[in-house]
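# Structure assessment
Single-letter residue listing:
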Amino acid sequence: MTEAQLRDLPVYRESSAFSPLVLDYAVAITATPVEVPDAHFAQLRAHFAEAEIVELTAAVAWENYRARFDHALGIEAQGFSEGAYCPLPERAASAQHATG
């Protein structure tokens, strides 16, 4: 990914650097509970082969697993990307008010 893509990741739907189809899918399958609308899955099938969808799902699920595993055990960053660009996700307005 380019630095511009990393910068635009929190606003990927409005960015010309991304097609939201895959990122919307990633958001949907990492949510609790997982809910991927049939129409969205049909769009994925129109753009990707079945094997590609399986690979995409596995990659997103693996990263979600690692993040939850590390968080549950209190494992923090080990400094391997020290100084690299790493944007934080934007919180929804309702979440900001609940914690603020």
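Our structure is the block above this text.
Residues numbered from 1 in each chain as written. Predicted model: local features only at pLDDT ≥ 70, side-chain atom pairs only at ≥ 80, totals over all residues. Heavy atoms only, no water.

### Focus: the overall build of the chain
Secondary structure assignment for the chain yields five helices and zero strands. Looking at the chain as a whole, 13% of its 100 residues are labelled buried. In the chain, once contacts between residues fewer than 6 apart in sequence are set aside, the share between residues at least 24 apart is 41%. Of the roughly 7900 Å² of accessible surface on the chain, a fraction of 58% belongs to carbon and sulfur atoms. (Helix = DSSP H or I, 4+ residues; strand = E, 2+ residues; numbered from the N terminus. Buried < 20%, exposed > 50% of the residue type's maximum accessible area, 1.4 Å probe, protein only. Contact = heavy atoms within 4.5 Å. Areas by Shrake-Rupley, 256 points an atom, 1.4 Å probe, with all protein chains shown as cover.)

### Focus on the packing of helix H2 (residues 20-30) against helix H3 (residues 38-47)
Contact pair H2 / H3: the axes reach a minimum separation of 10 Å and the direction vectors enclose 135°. The angle between H2 and H3 falls in the class oblique. You can see that H2 and H3 cross each other, and the crossing is left-handed. Contacts from Leu21, Asp24 and Tyr25 in H2 reach His40, Phe41, Gln43, Leu44 and His47 in H3. (Axes fitted to C-alpha atoms, helices over the stretch in contact; angles between N-to-C directions. Parallel < 35°, antiparallel > 145°, perpendicular 65-115°, else oblique. Left-handed = near helix turned anticlockwise from the far one by under 90°.)

### A few points about a nonpolar patch on the surface
Together, Trp62, Tyr65, Phe69, Leu73 and Ile75 line one region of the surface with nonpolar side chains, adding up to about 540 Å² of accessible area. Counting through the fold element by element, tyrosine 65 comes out in helix H4 (residues 50-72). (Patch = residues over 30% accessible without salt bridge, like charges linked within 9 Å, V, L, I, M, F, W, Y side chains within 5 Å. Salt bridge = Lys/Arg side-chain N within 4 Å of Asp/Glu carboxyl O.)

### Concerning the packing of aromatic side chains
Going through the model one piece at a time under the given rule, you end up with three aromatic pairs. Both rings, one in tyrosine 65 and one in phenylalanine 69, keep their centres 5.7 Å apart while their planes meet at 35°; by these two values the pair is tilted. Of this pair, tyrosine 65 and phenylalanine 69 are both found in helix H4, four residues apart, which corresponds to roughly one turn of the helix. Given the relative accessible area of 43%, tyrosine 65 is considered partly exposed. A connected cluster of aromatic rings, assembled from ring pairs, spans Trp62, Tyr65 and Phe69. (Phe/Tyr/Trp six-rings, centres within 6.5 Å; stacked < 30°, edge-to-face > 60°.)

### Regarding the pattern of salt bridges
Pairs may arise between side chains of opposite charge once their charged atoms sit close together. All chains considered together, the criterion is met by four salt bridges. Arginine 45 is the salt-bridge partner of glutamate 50, the closest N and O atoms lying 3.4 Å from each other. The residue arginine 66 makes a salt bridge to glutamate 63 at a minimum N-O spacing of 2.9 Å. Within this pair, arginine 66 and its partner glutamate 63 are both found in helix H4, separated by three residues, close to a single helical turn. Residue classification places arginine 66 among the partly exposed residues on the basis of a relative accessible area of 37%. The exposure class of glutamate 63 is partly exposed, given its relative accessible area of 41%.

In short, the description is geometric, and any link to function would need to be established separately.
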